[in-house]
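Listed below, chain by chain, are the residues.
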Amino acid sequence: MLQNTITSLAADPVFTTITPKTFTTPAAPTLHRVATTRVLQLVNGEHFSGAERVQSHLGRCLPTYGVQADFACVKPGRFATLLDEHGGAWGVCHRTPMLNRFDIRTAWRIAKLVKTEKYDLLHAHTPRTAMLAAIASRIIDVPWVYHVHSPASRDSTRQFTNYANAWIETQSLRKCSHLITVSESLRQDCLSKGVEESRVTVVHNGVPAIRPPRTSTPVPGKTWTIGMVALMRPRKGLEFVLEALSLLAIQGHDVRLRCIGPFENTEYETFINQRISELVVENRVERVGFTSDVPAVLAQLDAMVLPSMFGEGLPMVVLEAMAAGLPVIATRVEGTPEAIRDGIDGLLAQPCNSDSLADAIRTLITGGVDWNTMAESACERHAAHFSDWAMAKRTADVYCKLFAQN
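The model shown is predicted, which means the values in this text are computed figures rather than measured ones.

Peer 1: Hey, could you go over the overall build of the chain for me, with residue numbers and the actual values?
Peer 2: A tally of helices and strands in the chain yields 14 helices and 13 strands. A globule of 406 residues ought to have a C-alpha radius of gyration of about 22 Å, and the chain, at 21 Å, matches this closely. The dimensions of the chain, computed from C-alpha atoms along their principal axes, are 65 × 45 × 40 Å. Classification of the 406 residues of the chain by burial places 58% in the buried group.

Right under this line is the structure:
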């Protein structure tokens, strides 16, 4: 059935050594392309946050491993616009909008697109695109892969939405050819739901090895600027950082928070504004909107904080901070501890606990751990385990394994 195949590539990507004062992106590994397989990735496409960063890196890196990855956006928005702006370097963007969550007519448009453009495989990334992939796959008889970025049943604070997404995902995955999870914790979650072990592969998220130069390093006891880079939504736990800031201020520590990224909705933004006022930390919080250059903003921080309450698979921004040589203070949620070793590459706090978060921040800003040692360890760990090229190669290997079984 499949006209193209991928030859499994044994060579691992070659990483460029980056010194603290160097700004460089390693070149793609030099590999021989045996054939090109065409994959259509089904995504929502309205935002450009963690999952979309995974998708953009796959679109950019997979051609090195003999895979052309294009996209069908069912909720065209910021990601769809960025795909167009990059002129095909991340893959071609097809707009296949859904009128609502249950608009399955889009599956027929996707099936026609796959047949017309001769795609060999569908790769879905969200519950709604899993539903479409399951239907389109049956119409045109092509295999499909599902990428588990976070646990659908606890992905947000909206319980009905979680229930609906989990139900759609479960029903759709019955005929899924293979599942990719971004962390071991999510693989275990899939196995607990009855998915066969042979049908699940962990492919850790990966990001480019970009380490911008720094003009200075923080000094214990002085003013520290910590940053939170995220699509600000309730499960990200921004309110707990604000409470930690207040606690640290009472103790005499000068810590500033830079919020980088938009709010998901006005309700949460209103809530956060109220908490800032109640905690009297207005002069300690700076707002920065959306940025497409995360490494540049990370280079201006003394540390990064990600106080997620739940629902993380393996946060891309944590990996980007590690690549940038920036210590991370995060919570012990889902796959985050698979990247950050507490006290070595960063510091881990308990979720939904401002006291624990304040303790972790205090440990770093008072010199309880050495900033430079932690920064170097984080950068080295990223290069060894969480590069964009490693992620792309492992994804291509999943495709290869799947094709070998057909």
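Picking up where we left off.
Peer 1: So what's going on with the packing of helix α7 (residues 238-250) against helix α8 (residues 266-278)? Residues and values would help.
Peer 2: Two elements in contact, α7 and α8, have axes separated by 10 Å at closest approach and are oriented at 10 degrees. In terms of orientation, α7 lies roughly parallel with respect to α8. Residues L238, E239, L242 and E243 of α7 pack against Y268, F271, I272, R275 and I276 of α8. Residue composition of the contact of α7 with α8, by class: six nonpolar, no polar and three charged.

Peer 1: Tell me what's going on with the nonpolar core, and back it up with residues and numbers.
Peer 2: Residues L122, W144 and L257 are the most contacted members of the largest nonpolar core, which totals 117 residues. Considering every element that reaches this core, the biggest residue donor is helix α14 (residues 388-404), with eight residues. In this structure, V43, F71, L82 and W90 belong to the second largest nonpolar core, which totals ten residues.

Peer 1: Describe in detail the pattern of salt bridges, supporting the description with residues and values.
Peer 2: For the structure on display, the rule yields 29 salt bridges. With a shortest N-O distance of 3.8 Å, E117 and R38 are connected by a salt bridge. Linking E117 in helix α3 (residues 105-117) with R38 in strand β1 (residues 37-43), this pair joins segments that are 79 residues apart in sequence. Relative accessible area serves as the criterion here: at 33%, E117 is assigned to the partly exposed category.

Peer 1: How would you sum up the sheet that holds β1? Please name residues and give values.
Peer 2: Taking strand neighbours across the sheet as the criterion, the seven strands line up as β3-β2-β1-β4-β5-β6-β7 in an open arrangement whose pairing is parallel. Each edge of the sheet is formed by a strand with only one pairing partner; in this case those strands are β3 (93-95) and β7 (200-202). Between one strand axis and the next, the sheet turns by 25 degrees as a mean value, whatever way the strands run. Pairing geometry for strand β5 (residues 144-148) and strand β6 (residues 178-181), over four bridges, is parallel. Along β6, the bridge assignment pairs V148 with T181. Against the sheet, helix α1 (residues 50-61) makes contact with β1, β2 (67-73) and β5, and its axis sits at roughly 145 degrees relative to β2, the strand it touches most.

Peer 1: So what about the pairing of strand β12 (residues 328-331)? Which residues, and what values?
Peer 2: Consecutive side chains along a regular strand alternate between the two faces of the sheet. Both faces of β12 are covered, namely the face carrying V328 and A330 and the face carrying I329 and T331. In this structure, strand β11 (residues 303-306) lies alongside β12, joined through three bridges in parallel fashion. When the sheet's bridge partners are listed, V305 is paired in β12 with I329. After leaving β11, the chain enters helix α10 (residues 316-323) and then returns to the sheet as β12, a path that is right-handed. Where β12 meets strand β13 (residues 346-349), four bridges bridge the pair, whose relative direction is parallel. Counterpart to A330 in the pairing with β13 is L348.

Peer 1: Account for the packing of aromatic side chains, with residues named and values stated.
Peer 2: Applying the stated criterion to the full structure yields six aromatic pairs. The interplanar angle of 55 degrees and the centroid separation of 6.0 Å between the aromatic rings of F263 and Y268 together place this pair among those described as tilted. In terms of burial, F263 and Y268 fall into one category: buried. Feature note: the residues F48, F71, F79 and W90 constitute an aromatic cluster, connected by ring pairs. Positioned above the aromatic ring of Y119 is the side chain of R38, whose terminal nitrogen or guanidinium carbon lies 4.5 Å from the ring centre. Its guanidinium or amino end placed over the ring of W389, R60 lies 5.8 Å from that ring's centre, counting from NZ or CZ.

Peer 1: Describe the side chain of H382, and please don't skip the residues or the numbers.
Peer 2: The residue H382 is located in helix α13 (residues 371-385) in this model. For H382, the residues in contact, after removing those within four places along its chain, are V207, P208, A209, L319, M322, A323 and S387.

Peer 1: Tell me about the environment of K401, and name the residues and values.
Peer 2: Mapped onto the elements, K401 comes out in helix α14. When its relative accessible area of 40% is taken as the criterion, K401 is described as partly exposed. Setting aside chain neighbours within four positions, we find K401 in contact with H178 and S198.

Peer 1: Mind laying out the sheet that holds β12, listing which residues take part and the relevant values?
Peer 2: Across the sheet, which stays open at both edges, the six strands sit in the order β10-β9-β8-β11-β12-β13 with parallel pairing between neighbours. Bordering the open sheet on either side are β10 (285-288) and β13, each of which pairs with just one other strand. Neighbouring strand axes in the sheet, compared pairwise and without regard to direction, differ in orientation by 25 degrees on average. Strands in contact with α7 are β8 (224-229), β9 (255-260), β10 and β11; relative to β9, the strand with the most contacts, it is inclined by about 165 degrees.

Peer 1: Kindly report on unusual backbone geometry, identifying the contributing residues and their values.
Peer 2: The phi torsion at K118 lies on the positive side, around 60 degrees, for a residue other than glycine. The residue K118 is located in the loop between α3 and β4 (121-124) in this model. A residue is classified by how much of its surface remains accessible, and K118, at 61% relative accessible area, is exposed. Its identity as a non-glycine residue notwithstanding, C352 has a phi of 60 degrees, on the positive side. Within the fold, C352 resides in the loop between β13 and α12 (354-365).

Quick notes on the rules
Residues numbered from 1 in each chain as written. Predicted model: local features only at pLDDT ≥ 70, side-chain atom pairs only at ≥ 80, totals over all residues. Heavy atoms only, no water. Helix = DSSP H or I, 4+ residues; strand = E, 2+ residues; numbered from the N terminus. Rg over C-alpha atoms; globule rule 2.2 N^0.38 Å. Buried < 20%, exposed > 50% of the residue type's maximum accessible area, 1.4 Å probe, protein only. Axes fitted to C-alpha atoms, helices over the stretch in contact; angles between N-to-C directions. Parallel < 35°, antiparallel > 145°, perpendicular 65-115°, else oblique. Contact = heavy atoms within 4.5 Å. Nonpolar A, V, L, I, M, F, W, Y, C, P; charged D, E, K, R; others polar. Core = buried A, V, L, I, M, F, W, Y, C linked by side-chain atoms within 4.5 Å. Salt bridge = Lys/Arg side-chain N within 4 Å of Asp/Glu carboxyl O. Pairing = 2+ DSSP bridges. Right-handed = clockwise from strand over helix to strand, strands pointing away. Phe/Tyr/Trp six-rings, centres within 6.5 Å; stacked < 30°, edge-to-face > 60°. Lys NZ or Arg CZ within 6 Å of the ring centre and 35° of its normal.

Distances and angles like these do not, on their own, reveal function.
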